[in-house]
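# Coordinate analysis (summary)
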Amino acid sequence: MIRTGAEYRDSLNDDREVWIDGERVKDITKHPSFKPIIDVRARIYDLAHEEATRDIMTYVDASTGERNAMGLKLPYTQQDWHDKRLAVDTVMDDIGGIVTRVGDETIGEMWSLYDGKDVLNEVDPRFAENIDRHIHKALYADPFHVSANTDPKGDRSKPPQEQDPDSLLHVVKETDAGIIVRGAKYETAAAYANQAFVKPTIANWGEAKLSDYALGFICDMGAPGVKHICRSGFVGRAPSEDYPLSSRFDEIDTLVIFDNVLIPWENVLFYQHTRAASFIRSTLHRYSAFAWVQRALRMADLMIGAALFNVRQTGLEKQQAVQEKLAALAVYRETINAHLTASIAAGESSPSGLLMPNQSLLYTGRVQACTQLPAMMHLARELCGGQICVTPSAASFNHPETSKWMDKYYSINDNWLADDRRKLLAFGRDLLNSDYAGHRLTFQLFAQSPPFAHLGAVYRNFDFDTPLQYVKTSAGLSDRVLAK
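Quick caveat: nothing in here was measured; it's all calculated off a predicted structure. Throughout, a residue's number is its position along its own chain's written sequence, starting from 1. The predicted nature of this model means local features are confined to residues of pLDDT at least 70 and side-chain atom pairs, given and counted, to a pLDDT of 80 or more, with totals for whole chains, interfaces and linings taken over all residues. The side-chain values count all of the structure's non-hydrogen atoms but skip hydrogen atoms and water molecules.

Another point: the pattern of salt bridges. By definition here, a salt bridge exists when the distance from a side-chain nitrogen of Lys or Arg to a carboxyl oxygen of Asp or Glu is within 4 Å. By the definition in use, this model includes 33 salt bridges. A salt bridge links Arg 231 to Asp 253, with the nearest nitrogen and oxygen atoms 2.5 Å apart. Of the two residues, Arg 231 sits in the loop between β10 (226-230) and α8 (246-249) while Asp 253 sits in strand β11 (residues 253-264), which places them 22 residues apart along the sequence. Three or more residues joined by partner-sharing salt bridges are found here, namely Asp 89, Asp 93, Arg 298, Asp 301, Arg 333 and Glu 334. Numbering goes from the N terminus for both helices and strands, where a helix is a DSSP run of H or I of at least four residues and a strand is a run of E of at least two.

Moving on: the pairing of strand β6 (residues 170-174). Pairing between strands requires that DSSP locate at least two bridges from one strand to the other. Summarising the sheet, β6 and strand β7 (residues 178-188) pair through 4 bridges and their orientation is antiparallel. Each residue of the ladder has a partner; that of His 170, found in β7, is Arg 182. In this structure, the hairpin formed by β6 and β7 is closed by a connection of 3 residues.

Glancing now at the nonpolar core. Soluble, globular proteins show a tendency: their nonpolar side chains are buried together. In these notes, a set of buried Ala, Val, Leu, Ile, Met, Phe, Trp, Tyr and Cys residues joined through side-chain atoms within 4.5 Å is what counts as a nonpolar core. For the exposure calls, accessible area comes from a 1.4 Å probe over protein chains only, and a residue counts as buried if that area is under 20% of its type's maximum, exposed if over 50%, partly exposed in between. In this structure, Phe 34, Val 181, Tyr 192, Phe 258 and Met 303 are the most contacted members of the largest nonpolar core, which totals 133 residues. In what follows, a contact means two residues having at least one pair of non-hydrogen atoms within 4.5 Å. Other than its neighbours up to four places away in sequence, Phe 34 contacts Val 18, Ile 20, Val 25, Ile 28, Ala 191, Tyr 192, Cys 230 and Ile 252. If you look at the next biggest cluster of nonpolar residues, it comprises 5 residues, including Cys 370, Phe 443, Leu 445 and Ala 447.

Along strand β8 (residues 195-198), one buried face is formed by Gln 195 and Phe 197 and the opposite face, lined by Ala 196 and Val 198, is buried too. Bridge analysis of strand β5 (residues 145-148) against β8 gives 4 bridges, and the strand direction is parallel. Bridge assignment links Ser 147 to a residue of β8, and that residue is Phe 197.

A few words on the environment of Leu 379. Tracing the backbone shows Leu 379 in helix α13 (residues 373-384). Take Leu 379: its relative accessible area is 14%, and that puts it in the buried class. It is 40 Å that separates the C-alpha atoms of Leu 379 and Asp 142, two residues lying 237 residues apart in sequence.

Time to look at the sheet that holds strand β1 (residues 17-20). Across a sheet, strands are paired by hydrogen bonds formed along the backbone, either parallel or antiparallel in direction. Here 6 strands make up an open sheet; going across it, the order is β2-β1-β10-β11-β7-β6 and the pairing mixed. The outermost strands of the open sheet, each flanked by one partner alone, are β2 (23-24) and β6. Relative to β11, β10 runs antiparallel, the two being bridged by 5 bridges. The residue bridging Ile 229 from the neighbouring strand is Leu 255, located in β11.

Pairing of aromatic side chains requires ring centres within 6.5 Å, counting the rings of Phe and Tyr and the six-membered ring of Trp. Pairs whose planes differ by under 30 degrees are stacked, by over 60 edge-to-face, and all others tilted. Counted under the stated rule, the structure contains 15 aromatic pairs. Seen from their ring centres, Phe 309 and Trp 416 are 5.8 Å apart, and the 70 degrees between their planes marks the pair as edge-to-face. One end of the pair, Phe 309, is in helix α10 (residues 288-313); the other, Trp 416, is in the loop between α16 (403-410) and α17 (418-432), with 107 residues separating them in the sequence. Residue Trp 416 is classed as buried on the basis of its relative accessible area of 16%. Clustering of aromatic rings is evident, with ring pairs tying together Tyr 8, Phe 34, Tyr 45, Phe 144 and Tyr 192. By the criterion adopted, a ring carries a charge over it if an Arg CZ or a Lys NZ lies within 6 Å of its centre and within 35 degrees of its normal. A cation sits over an aromatic face here: Arg 41 above Phe 144, 5.2 Å from the ring centre. One cation-aromatic arrangement involves Lys 199 over Phe 197; the distance from NZ or CZ to the ring centre is 4.1 Å.

In short, the description is geometric, and any link to function would need to be established separately.
Printed below as a string of structure tokens:
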């Protein structure tokens, strides 16, 4: 089935405990910090019902005859990935910006565990059954599904057993009904999501075979004992006319507190066995990285568009130095595009029979997208020029005493009048030079995993045997050198 935007909004009225700026939120769907991004998520649900976009956003399940969300469909073919990519592009085109935590990019983490059902079977056959059931439950119930990876961590030089045990999420008690967990996780969008796939962070959950910190489960974000303490939002800090991106697309990050939360056994995906925890950490992004890199491609489009409009309206487009900078942005964009396209074309079969994007190409694309982003933002900032940081607010353009001066000095010709220039400069400021821009940059660098982990994924998935064999043959080395 596919939900409507209204059904999604109604699902959040579950008396969940959400805090922001020292205030307990009464109705998250109406609170000014949350309403814009909840409206975006609701819009995505509604796109699945509209005639013009229904066949892009959904597909008909052959076994049930029902329509399901394209983003939640298990990928078996290259066409499945092309269809998913088109659905994401359709959303971004419709809303006019970039959103990351909307569900399609996190469900892939569950597919990674689906690939590890043999590992789960060794631990407890119930866990393999649970992941299979939850993947199909997500497919048919269409919840807003997020992830939950990062713990506060505490002192990283010490294991959790040698400091506050709650520094990493862990089990404190087993009951007939399930496990009781305590700790915390950071997760974007958790406060307005329906459920989260919670799993260990990249940290020392223990060297032994068994550990109370090695656990993964599905958690209802409105469950008793779950508390959402959110960072301050960007919405409302300044007029939306001056900050058009942050006023619509601020995805609120949350410190999710698990205060002795009961996780029913049917929601436990693995528990205690560090092998299962290690498996999910090493394979977590084999699918979800695709949607992540696709968002980076859209970020490149925004930077190119903002930069190109700025140089065109000031008549600088034909200068060679300007063209070189625009070409560098285009190379960045097309490098991301090439890795996405190639990762589908060279897709690999997973242990469960799904089609994985080519892992080496996908993870290399993620490294390129993330490591080059700061330099590309700076390049776009150079092309937009200093006016993105000195232009007065929209109120100055609208006030009768000052508007004539703003019209005089911000109008260039019949094509570029003051109103369009103000909008463009405000857009560039919010994209490249605002608090929101800095937040987006840091988020892009760290939200899936830190940069060293991005490179670690490339190291684990690149085919080093081929260049070794090539050099062995070319240099005339003996077979002994290939011994490990």
